[in-house]
Amino acid sequence: MIRNIFVDRENELRILEREWNRKGFSMIILYGRRRVGKTTLLKKFCSNKPHIYYVAIEASYDTLCKEFSETVSKVLKVPISGDIIDVIEAIPRLYKDRIAIVLDEFQYIVESDESFPSRLQRAIDSTLKNSRIKLILCGSAVSFFKRRLLGYKSPLFGRRESSLRVHPMKFIDIKEFFPRYSPTELSMIYGVVGGTPAYLAKLDPNKSPFENIRDVISPGSYLYDEAVNLLRQEVREPRTYFTILSSIAEGRTSMSEIASIANVDPRTIVKYVELLEELEVIRRVKPIGFRKPVRLEIRDNYFRFWFTYVYKLRSMLEYGYIDDALAYIRKTFNDYMSRVFENIVEELTLPMYAAGVIKTKPIEVGKWWHKGLEIDLIVRDPGISSTFIEVKWKALSLKEALKMVEALKEKSMKSGLTSPINYYMLIAREIKDGKSVNYANTTVVDFKDLMEKLLMLKHVASKS
């Protein structure tokens, strides 16, 4: 099932429109991981503007030149052929007004001709700078764009007006993909595929979360092999990265331990970690207020789910025991979701502050742990106030919730992170015998109530 849905991306469109309205020539570099919505964004931007949109493929440079020339000829309705850069330089003579030229999957052009960035730089400096072209270089090879185009050694360094990385969507933005889902069901889906629009669009909003999960884990489905395909595009040693990610999914969090399991020299594990961070697959987490210890955790929920379940159950799935695998997922899914839910609440910190749910200005936000004690989330405005938050993927009674808040207060006193004013909050998947309650500096929050408030605020903001 494929759905065409354009959600969010107001900020990205605003930046592109700003460059469109800028006088003269502009070059914009736009990049992001596969399926994150770059092409949909650019087509939305170009829809009411004169534009030439070319998607490169893995082919010889001569083939790419021929294809690009044919694309330009169709749009401008004039015969033209030649080198890609020569054709771009000719466009201002053929079309006097502003025009956007999009070179999508730009990395394939450079792979076919390593001199292309240098030659493009000369063309910008000599002729294109006097044109009204808006040149957009786009692609999904994140490491290529960050190292080959955006680095100071790149021939194009200093020539761009804007660089824009398109990130996966946040939890609060995915409601439009599943308008009938409850906050709990939305959280489950977000825990399976994260915020990548193409992955969300593959799922069926009329099916339950576990019915959609069955589709995800079925061999032959789009999402069954997507993690493998994405890593193979970006990394040279996929097996090592698979081992690293599966180790993190199993709960191992230290670099030295993961290096041992992956049979990697502890001195070089950092390069693997940095690339996975660059791809927004993992992140390094430090306890708020301290530099150490550092934990590794999977940041992207699709990879988190894939390496927790699909990678682990692959033999069972390949032999057709899909229902048995799904039964295992059902049995363990609440444990899996507990960590996902903590990260969802962390994501919601700014919207909660805007809605007045959190009273502390979020200058510092993070987790804290020490010697067996752990606080799920702390929001600090140093020297002014702190909010300590316990997050539970459970249905709790109000009495149970208030007891947990008292334990949270005790932990906060041992954290060294208290302030002149301190607030204490518990956010539960459900409060069984009531809605959210607020007692002075103590708040118990039902997640459904919270999301109703935040989505209402988001709706009002989008209308203003």
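Summary of the structure given here. (Residues numbered from 1 in each chain as written. Predicted model: local features only at pLDDT ≥ 70, side-chain atom pairs only at ≥ 80, totals over all residues. Heavy atoms only, no water.)

1. Some points on the side chain of Ser-415
Relative to the assigned elements, Ser-415 resides in helix α19 (residues 398–415). Within the local environment of Ser-415, its side chain forms a polar contact with the backbone nitrogen of Leu-417, the two atoms lying 3.1 Å apart. Not counting residues within four places of it along the chain, the set of residues in contact with Ser-415 comprises Phe-290, Trp-368, Ile-375 and Phe-388. (Helix = DSSP H or I, 4+ residues; strand = E, 2+ residues; numbered from the N terminus. Polar contact = N/O pair within 3.5 Å; in protein donor to acceptor, adjacent residues only side chain to side chain. Contact = heavy atoms within 4.5 Å.)

2. Considerations on the sheet that holds strand β8 (residues 364–370)
Strand order in the open sheet made by the 6 strands is β8-β9-β10-β11-β13-β12, with mixed pairing throughout. On the outer flanks of this sheet lie β8 and β12 (437–439), each paired with one strand and no other. Going from strand to strand, the sheet's axes swing by 20° on average, the running direction of each strand aside. One ladder, built from 10 bridges, connects strand β10 (residues 385–396) with strand β11 (residues 421–431); its direction is parallel. What sits directly across from Lys-392, in β11, is Ala-428. (Pairing = 2+ DSSP bridges. Axes fitted to C-alpha atoms, helices over the stretch in contact; angles between N-to-C directions.)

3. A look at helix α2 (residues 38–46)
All of the buried residues along α2 are Lys-38, Leu-41, Leu-42, Phe-45 and Cys-46. Seen end-on, α2 carries its buried residues on one side only, within an arc spanning 125°. Structurally, α2 contributes buried residues whose contacts are with α1 (10–21), β1 (26–31), β2 (51–55), β3 (99–104) and β4 (133–139). (Buried < 20%, exposed > 50% of the residue type's maximum accessible area, 1.4 Å probe, protein only. Arc of directions from axis to C-beta.)

4. As for the sheet that holds β3
Spatial strand order, β2-β3-β4-β1-β5: 5 strands in an open sheet with parallel pairing. Here the strands that pair on one side only, and so sit at the sheet edges, are β2 and β5 (162–165). With direction set aside, neighbouring strand axes in the sheet form an average angle of 15°. The pairing of β2 with β3 spans 5 bridges and is parallel. The partner of Ile-52 across the bridge, within β3, is Ile-101.

5. A word on the environment of Ser-162
Among the structural elements, Ser-162 can be located in strand β5. The class for Ser-162 is buried, based on a relative accessible area of 7%. Measuring from C-alpha to C-alpha, the distance between Ser-162 and Cys-138 comes to 12 Å, with 24 residues separating the pair along the chain. When sequence neighbours within four positions are dropped, the list of residues in contact with Ser-162 reads Ile-15, Arg-18, Glu-19, Met-27, Ile-28 and Ile-29. Side-chain polar atoms of Ser-162 contact the side chain of Arg-18, separated by 2.9 Å.

6. Here we look at the pairing of strand β9 (residues 373–381)
For β9, the tally of buried residues reaches 7 of 9 residues, placing the bulk of the element in the interior. Bridge count for β8 against β9 is 6 bridges, and the pairing is antiparallel. When the sheet's bridge partners are listed, Val-365 is paired in β9 with Val-379. Two successive antiparallel strands, β8 and β9, enclose a turn made up of 2 residues, where Lys-371 displays a positive phi of approximately 45°. As paired strands, β9 and β10 are joined by 5 bridges and run antiparallel to one another. By the bridge assignment, Val-379 is partnered in β10 with Thr-387. Between β9 and β10, which pair antiparallel and follow one another directly, the connecting turn spans 3 residues, one of which, Gly-383, has a positive phi of 85°.

Nothing here speaks to function; it is all geometry.
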